[in-house]
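Architecture and fold: a report
Next come the chains, spelled out residue by residue.
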Amino acid sequence: MGKISFFRLKKADKDFTPDMLPTTRRGVFKDVVSLHFWTFVKLGLLILLLSAPIHLLACTEQIYVAYLHETIGVQTQEAAERVTYLSVLFSNIRAAVNIPLLMLFSVGFSGIMRVIRQYAWEENVSFKHDFITGVKQNFRQTLLLSFIVGLCAFLCVLIANTSYTAENAAVAYAVYIPMALCILCIPAAAYMTVCISVYGNTFLQNLRVSFALYSRTFFKSLFAVICSGALFITFFIPNFYVCFFGRIVGTVAVPFGMLGYYLYALQQLDKYVNVGRFPELIGKGLYEADKDSGEYDW
Amino acid sequence: MIEFDDFTCYYKLKKGYGVALDKISLTVGDGEKVAVVGPSGSGKTTLLKCILDSVQYTEGSLTIDGTEARKYDKRKNGLAYVSQEYVLYPKMTVFQNIAYPLMASGMSFGQTEELVTDIAKRFGLFRLLTRKPKQLSGGQQQAVAIARALVKKPAIALFDEPLSNLDPLRREKFRKIIVDICDKNGSTVIYVTHDPEEACYVADKIVVLEEGEIKGVMSSKEYARALEEYKSTSAAAYGGEEQGADGESGDGED
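Please read all numbers here as calculations on a predicted model, not as lab measurements. (Residues numbered from 1 in each chain as written. Chains lettered and ligands numbered in written order. Predicted model: local features only at pLDDT ≥ 70, side-chain atom pairs only at ≥ 80, totals over all residues. Heavy atoms only, no water.)

1. Considering the overall build of chain B
In terms of regular secondary structure, chain B is built from eight helices and 10 strands. Considered along the principal axes of its C-alpha atoms, chain B spans approximately 75 × 45 × 35 Å. Relative to its full complement of 254 residues, chain B shows a buried share of 47%. A fraction of 65% describes how many contacts in chain B between residues 6 or more apart in sequence connect residues 24 or more apart. Accessible surface for chain B amounts to roughly 12800 Å². Of this, 48% is attributable to carbon and sulfur atoms. With 33 positive and 38 negative side-chain charges, chain B shows a separation of 14 Å between the mean positions of the two kinds. (Helix = DSSP H or I, 4+ residues; strand = E, 2+ residues; numbered from the N terminus. Buried < 20%, exposed > 50% of the residue type's maximum accessible area, 1.4 Å probe, protein only. Contact = heavy atoms within 4.5 Å. Areas by Shrake-Rupley, 256 points an atom, 1.4 Å probe, with all protein chains shown as cover. Lys, Arg positive; Asp, Glu negative; His and termini not counted. Charge placed at Lys NZ, Arg CZ, Asp CG, Glu CD.)

The following block contains the structure:
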């Protein structure tokens with residue numbers, strides 16, 4: 001054993017018994033992150049790869065705007081207007097190009113959601129099998145969802161840019177429309193991603209469930225989405241290098257946020273949806289001693 | 001069928017070679033279960049390692065199904081080995097550890113999951129499938145190693161004291177499971193153990209090894225009878241000395 005002692009397998013002092021399995025969603029989060037931390041980092045790198053075109057486009061816009069300021073400058077009214085016009089144009093084009101890029105990203109995202117689901121349900125995971133199955137089963141709905149989200153994002157950017165450049169004060173207030181849209185739609189879209197991977201419903205059924213659930217858990221859902229995507233705040237920092245670094249770190253950390261959000265969503269689905277329609281899904285992934293026969297235990 | 005014919009195995013010393021197995025001849029038929037017993041250092045583990053072709057210096061013939069052991073494709077033909085010093089993949093879950101040989105052979109995930117779940121239930125590992133080896137006790141880790149060996153329904157199963165880390169109750173339970181699974185699969189079994197009771201339970205035939213030589217080959221019933229006789233003879237001899245020749249109690253010295 002001496003020559004392989006470096007690789008000696010660690011072992012626990014006592015038997016692992018089923019009552020040591022997590023019994024709450026929070027417990028599942030801690031359990032999964034502690035056991036599979038590096039797997040989630042790899043998932044984050046995969047997400048970074050899939051979303052690379054979107055990030056590159058965003059970085060290109062920042063570089064382009066900086067280039068405009070350097071070359072044209074904003075010293076004169078005419079120059080400032082020209083810079084604004086070109087920046088806004090690029091921003092609108094970027095938002096439009098992001099729609100197909102987001103759709104492309106969503107195909108891989110549907111596979112990743114299935115993998116996250118398996119971890120959230122404390123089920124056996126085979127990354128290759130679960131990723132491919134997730135893509136096969138859910139890519140249509142995630143494609144449609146990403147198209148809608150991309151289109152909404154494009155409209156938001158268009159409205160925001162228009163209100164920003166408008167001379168009419170009334171039009172300037174239109175900037176609140178995208179903000180309202182974001183608050184109304186983003187949490188519902190987040191619920192959609194979970195419903196798509198959990199239920200075998202149609203797109204409209206999932207949409208209905210998501211909005212119904214969001215309406216009953218408005219503030220909690222908004223808070224959950226903000227917490228899950230907290231690292232995205234770095235995207236809005238004007239310094240290019242901080243923003244670039246933040247993009248990479250934030251994207252790699254996405255699976256952790258996704259897991260946390262997924263577990264929160266499962267809790268809400270258990271409370272409002274599964275209790276009436278899918279009782280077999282209630283508490284899935286949590287160990288319940290009173291339901292355990294003990295037949296297959298150590 | 002596994003056949004040793006005048007087979008000798010050497011191990012390298014600082015100067016020269018030592019003999020681990022000395023001209024042994026043994027045949028293990030298809031589906032037969034053979035236990036190998038003997039004192040420590042008698043060559044039991046070496047016998048298994050010869051079948052696995054992980055020893056260098058040998059003489060004589062060792063064939064598996066008519067093919068030289070060195071040329072026998074162990075992976076393709078299904079040969080499982082469980083040792084006391086089991087090795088599990090620490091970064092994989094219990095499920096992934098057990099499923100590994102099936103997935104590596106190209107089996108579909110659905111089928112793999114079914115087989116793994118089935119064997120995990122038998123070994124009491126069902127609820128531990130999402131755990132990692134470091135969370136399990138030594139006995140549980142050993143159960144995972146045994147389950148991994150048997151999940152692929154091997155044609156030949158080699159066991160080197162596989163239940164040594166388990167408490168007596170579990171040893172008895174797992175012994176039964178191993179025998180059941182091997183019987184169902186029709187596996188040829190060579191089982192190395194220090195426990196004579198275990199040897200008699202598991203095997204149809206017992207091979208007694210001592211100092212690299214086969215001292216005896218007998219059925220498990222004959223071996224059990226011989227053990228009983230040995231125990232009663234030892235008990236009688238011990239009791240006789242305590243009493244003294246004239247029946248008076250003594251210190252046994254005279």
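Next, the rest of the story.
2. Some points on the overall build of chain A
In terms of regular secondary structure, chain A is built from 10 helices and zero strands. From first element to last, N terminus to C terminus, chain A shows the α and β order α-α-α-α-α-α-α-α-α-α. For chain A, the spread of C-alpha atoms along the three principal axes comes to 80 × 55 × 30 Å. The buried share of chain A, reckoned over its 298 residues, is 43%. The contacts of chain A with a sequence gap of at least 6 include a subset with a gap of at least 24, amounting to 73%. For chain A, the exposed area adds up to about 16700 Å²; of that, 68% sits on carbon and sulfur atoms. Taken together, the 24 basic and 19 acidic charged side chains of chain A have centroids lying 3 Å from each other.

3. With respect to the interface of chain B and chain A
Counting residues at the interface gives 34 residues for chain B, matched by 27 residues for chain A. Taken together, both faces of the contact between chain B and chain A bury some 2700 Å²; the carbon and sulfur share is 58%. Taken together, the links from chain B to chain A amount to two salt bridges. For Asp31 of chain A, the salt bridge identified is with Arg131 of chain B, shortest N-O distance 2.8 Å. For the pair chain B and chain A, the number of links is eight residue pairs in polar contact (both at pLDDT 80 or more). (Buried area = accessible area lost by both parts, 1.4 Å probe. Salt bridge = Lys/Arg side-chain N within 4 Å of Asp/Glu carboxyl O. Polar contact = N/O pair within 3.5 Å; in protein donor to acceptor, adjacent residues only side chain to side chain.)

4. Some points on the sheet that holds strand 4 (residues 57–64) of chain B
Residues and elements named next belong to chain B. Spatial ordering of the open sheet is given by 2-1-4-5, a layout of four strands whose pairing is antiparallel. Edge strands, defined here as strands with exactly one partner in the open sheet, are strand 2 (17–28) and strand 5 (67–68). Sheet strands in contact with helix 1 (residues 44–51) are strand 1 (2–12), strand 2 and strand 4, and its direction is about 110° off that of strand 1. (Pairing = 2+ DSSP bridges. Axes fitted to C-alpha atoms, helices over the stretch in contact; angles between N-to-C directions.)

5. What to know about the pairing of strand 1 of chain B
In the sheet, strand 1 of chain B pairs with strand 2 of chain B via eight bridges, with the strands oriented antiparallel. Bridging across to strand 2 of chain B, Phe7 of chain B finds its partner in Ile24 of chain B.

6. Comments concerning the environment of Ala169 of chain A
With respect to the helices, strands and loops of the structure, Ala169 of chain A is situated in helix 5 (residues 169–172). Residues Ala169 of chain A and Val273 of chain A, spaced 104 residues apart in sequence, show a C-alpha to C-alpha distance of 45 Å.

7. Some points on helix 1 of chain B
All names here are of chain B. For helix 1, the complete set of buried residues consists of Lys44, Leu47, Leu48, Cys50 and Ile51. Seen along its axis, helix 1 keeps its buried residues to an arc of 155°; they face one direction. Asp53 occupies a position one or two residues after helix 1 and carries a positive phi of about 60°. (Arc of directions from axis to C-beta.)

8. Considering the packing of helix 1 (residues 25–50) of chain A against helix 2 (residues 52–71) of chain A
All names here are of chain A. Two elements in contact, helix 1 and helix 2, have axes whose closest approach is 4 Å; the angle formed by their N-to-C orientations is 60°. Regarding the angle of helix 1 to helix 2, the classification is oblique. Here Leu48, Leu49 and Leu50 of helix 1 come into contact with helix 2, specifically with Ala52, Pro53 and His55. Grouping the amino acids of the contact of helix 1 with helix 2 by side-chain chemistry returns five nonpolar, one polar and no charged. (Parallel < 35°, antiparallel > 145°, perpendicular 65-115°, else oblique. Nonpolar A, V, L, I, M, F, W, Y, C, P; charged D, E, K, R; others polar.)

9. A closer look at the packing of aromatic side chains
In the structure shown here, the tally under the stated rule is 20 aromatic pairs over all chains. For the pair Phe218 of chain A and Phe219 of chain A, a centre-to-centre distance of 5.0 Å together with 85° between the ring planes defines the contact as edge-to-face. Note on Phe219 of chain A: relative accessible area 68%, which makes it exposed. Of note, Lys121 of chain B hangs over the ring of Phe126 of chain B, and the distance from its end group to the ring centre comes to 5.0 Å. (Phe/Tyr/Trp six-rings, centres within 6.5 Å; stacked < 30°, edge-to-face > 60°. Lys NZ or Arg CZ within 6 Å of the ring centre and 35° of its normal.)

10. Description of the sheet that holds strand 8 (residues 188–192) of chain B
All names here are of chain B. Reading across from one edge, 6-7-8-3-9-10 is the order of the six strands in this open sheet, with mixed pairing throughout. Lying at the two open borders of the sheet, with one neighbouring strand each, are strand 6 (79–82) and strand 10 (213–219). Strand-to-strand twist across the sheet, computed as the mean angle between neighbouring axes with direction ignored, equals 15°. Here strand 3 (residues 33–37) runs beside strand 8; their pairing, made up of four bridges, is parallel.

11. Some thoughts on the pairing of strand 9 (residues 205–210) of chain B
Residue and element names in this part refer to chain B. Within strand 9, five of the six residues are buried, which leaves the element mostly enclosed by the surrounding structure. Here strand 3 pairs with strand 9 via four bridges, running parallel. Among the inter-strand pairings, Val36 is bridged to a residue of strand 9, identified as Val207. Examined bridge by bridge, strand 9 and strand 10 share six bridges and lie antiparallel to one another. Across the sheet, Glu210 pairs through a bridge with Glu213, a residue of strand 10. Here strand 9 folds back onto strand 10 in antiparallel fashion, the turn holding two residues, of which Glu211 has a positive phi close to 50°.

12. Side note on the side chain of Thr142 of chain A
Residue and element names in this part refer to chain A. Tracing the sequence through the fold places Thr142 in helix 4 (residues 127–165). Among the polar contacts listed, one links the side chain of Thr142 to the backbone oxygen of Ser106, at a separation of 3.5 Å. If near-sequence neighbours (up to four positions away) are discounted, Thr142 is found in contact with Ser106, Ser110 and Ile196.

13. Concerning the environment of Phe37 of chain A
Residues and elements named next belong to chain A. Secondary-structure assignment places Phe37 in helix 1. Linking Phe37 and Phe256, residues 219 residues apart in sequence, is a C-alpha distance of 8.8 Å. Apart from residues lying up to four places away in sequence, Phe37 is in contact with Val32 and Phe256.

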